[in-house]
Amino acid sequence: MHLGLLALLASCLSARQGDVEQALMGLYNATHGGGWLRNEGWGKENDICTWYGVTCTGGLVAGLSLDSNNLMGSIPGSFEVGTLSTLDLGSNSLHGTLPCTLFTENLTSIKLSSNAISGTVPTCLESASSLVLIEFDSNSLRGQLPEMSGMSKLAGLYISWNELEGTLPKGLMTLTALQGIFLDGNKIQGTLPSFRMCESLYHLWLDNNRLSGTIPDDVASPVMTELELQGNLLRGLVPVLPFKNFHKCDLGNGYDCPLPSNVCKQGCKCSALCTDTCDFWDDCNLDGSAPMLLCAACVGSMLLAFLTRWLTTHDTTASTASCTSHQSTASNTTPPVTPQLPDLAALRPGRWRLSLGNDWDVDVRVKVKDKPFRPAT
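The model shown is predicted, which means the values in this text are computed figures rather than measured ones.

## Examining the overall build of the protein
Right, so step 1: Broken down by element type, the protein carries 3 helices and 21 strands.
Right, so step 2: Long-range pairs, those at least 24 residues apart, make up 40% of the contacts in the protein between residues at least 6 apart in sequence.

Next up, the structure:
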């Protein structure tokens, strides 16, 4: 009796492992596995737990890590490993859309950053109710984010520098386990909501989108330490926010004056620029780090457009710049409204001097923004 039951269990386990092996080999073949940088054991060893990048728990596949391994192609719709807990295929050359078979109930971490994945973030993402970490940075995802209200364990959401549109999903603001929201560099519209219910939210990066309206008094969570809102269309008065916990805060420019006493142009816990802080060209020698919109208030809208195109063209993770505008001679000329800008392709990351004409130059330094937070999975 017991021997028969053991035989049945062994048969079921063998069949399940056969399905997993078939799913893994489907990914291998769809992404030109023969050209991977490392593919030891794949399709050769009988024990799939010995294949490169595969980790097992109790004889079952629990993790797959093939980041930066020259995967080229798309993730097949047949790729489904129900026991998989962590999946890392970041920094490859994957394209195509996100198949729903990825999002199983056991999945806790999915990393697909720095690929060329397109389409939308599918609503079936919500079926992966155990997800703690989502990393889809630097792809070509578009459309509206799903509601996400049932993802109660989600701690880190990274979908920066894609082409997301629409408004922020209301369900996102109800997730109490969220520690970091990084949606900067998209085309998200609408007004800025309150995040006070996200009681664990430390990092909120929504800069370089198309958010409009005013900053609500309760935009910050009780524990928030980082708030990045520059590069949007936010206007009106800046409310008094609880900046005592902040160590990184940039609200951008274009607000009504006066600013709260704990907000300033630079050198304080939270920086912003109101409309009469800078008389466009006068009193605009900026020393040190400043957001590119702050620079644009001093060197004109043409330079802002130029910097935006350069950042998009060269490095989708670069999103801040510092600048200093000055006269290159002792003449009394005024800076031109239309700067003489160089060819985008001629510039590289780092520091440049751009000639604006009329004996005026601007020094620009571009740097990559760090995202130090990663939740444990």
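## A closer look at the sheet that holds strand E6 (residues 109–111)
Right, so step 1: Spatially, E1-E2-E4-E6-E7-E9-E11-E12-E14-E16-E18-E17 is the arrangement adopted by the 12 strands of the open sheet, whose pairing is mixed. Each edge of the open sheet carries a strand with a single partner, namely strand E1 (54–57) and strand E17 (263–264).
Right, so step 2: Bridging between strand E11 (residues 180–182) and strand E12 (residues 203–205) involves 3 bridges; their strand directions are parallel. Its bridge partner lying in E12, Ile181 is registered against Leu204.

## Quick word on the packing of aromatic side chains
Right, so step 1: This model, assessed by the stated rule, comprises 6 aromatic pairs.
Right, so step 2: Ring plane angle 70° and centroid distance 5.2 Å describe the contact between Phe182 and Trp205, whose orientation is recorded as edge-to-face. Here the residue Phe182 occupies a position in strand E11, and Trp205 occupies one in strand E12, the gap between them amounting to 23 residues.
Right, so step 3: A relative accessible area of 1% means that Phe182 is categorised as buried.
Right, so step 4: Among the aromatic side chains, those forming a connected cluster through ring pairs are Tyr28, Trp36, Trp42 and Trp51.

## As for the side chain of Asn186
Right, so step 1: You can see Asn186 is positioned in the loop between E11 and E12.
Right, so step 2: The class of Asn186 is buried, set by a relative accessible area of 6%.
Right, so step 3: Among the polar contacts listed, one links the side chain of Asn186 to the backbone nitrogen of Leu164, at a separation of 3.0 Å.
Right, so step 4: At a separation of 3.5 Å, a polar atom in the side chain of Asn186 contacts the main-chain carbonyl oxygen of Asp184.

## Comments concerning the side chain of Asn209
Right, so step 1: Tracing the sequence through the fold places Asn209 in the loop between E12 and strand E13 (212–213).
Right, so step 2: Taking the relative accessible area as the measure of exposure, Asn209 reaches 6% and is therefore buried.
Right, so step 3: One polar contact links the side chain of Asn209 to the main-chain amide nitrogen of Lys187, over a distance of 3.3 Å.
Right, so step 4: A polar contact of 3.3 Å, which involves the side chain of Asn209, links it to the backbone oxygen of Asp207.
Right, so step 5: Aside from chain neighbours lying at most four places away, what touches Asn209 is Leu183, Asp184, Gly185, Asn186, Lys187, Ile188, Gly231 and Asn232.

## Section: the confidence of the model for the protein
Right, so step 1: A residue-level look at the protein finds 68% of positions with pLDDT of 70 or above and a mean pLDDT of 79.
Right, so step 2: Within the model, pLDDT remains below 50 along residues 277–302, and this stretch shows 67 contacts once partners closer than five positions in the same chain are excluded.
Right, so step 3: Across residues 315–340, confidence stays below pLDDT 50; counting only partners more than four residues off in sequence or on other chains, it has 94 contacts.

## Looking at the pairing of strand E18 (residues 270–274)
Right, so step 1: The element E18 is largely enclosed, with a buried count of 5 among its 5 residues.
Right, so step 2: Covered by surrounding structure in E18 are Cys270, Ala272 and Cys274 together with Ser271 and Leu273, the residues of both alternating faces.
Right, so step 3: Pairing of strand E16 (residues 248–255) with E18, which is carried by 3 bridges, proceeds in the parallel orientation. The partner of Asp250 across the bridge, within E18, is Ser271.
Right, so step 4: Note that E17 and E18 share 2 bridges and pair parallel. Bridging from a neighbouring strand, Cys264 pairs with Ser271 of E18.

Conventions used here
Residues numbered from 1 in each chain as written. Predicted model: local features only at pLDDT ≥ 70, side-chain atom pairs only at ≥ 80, totals over all residues. Heavy atoms only, no water. Helix = DSSP H or I, 4+ residues; strand = E, 2+ residues; numbered from the N terminus. Contact = heavy atoms within 4.5 Å. Pairing = 2+ DSSP bridges. Phe/Tyr/Trp six-rings, centres within 6.5 Å; stacked < 30°, edge-to-face > 60°. Buried < 20%, exposed > 50% of the residue type's maximum accessible area, 1.4 Å probe, protein only. Polar contact = N/O pair within 3.5 Å; in protein donor to acceptor, adjacent residues only side chain to side chain. pLDDT = per-residue confidence, 0-100.

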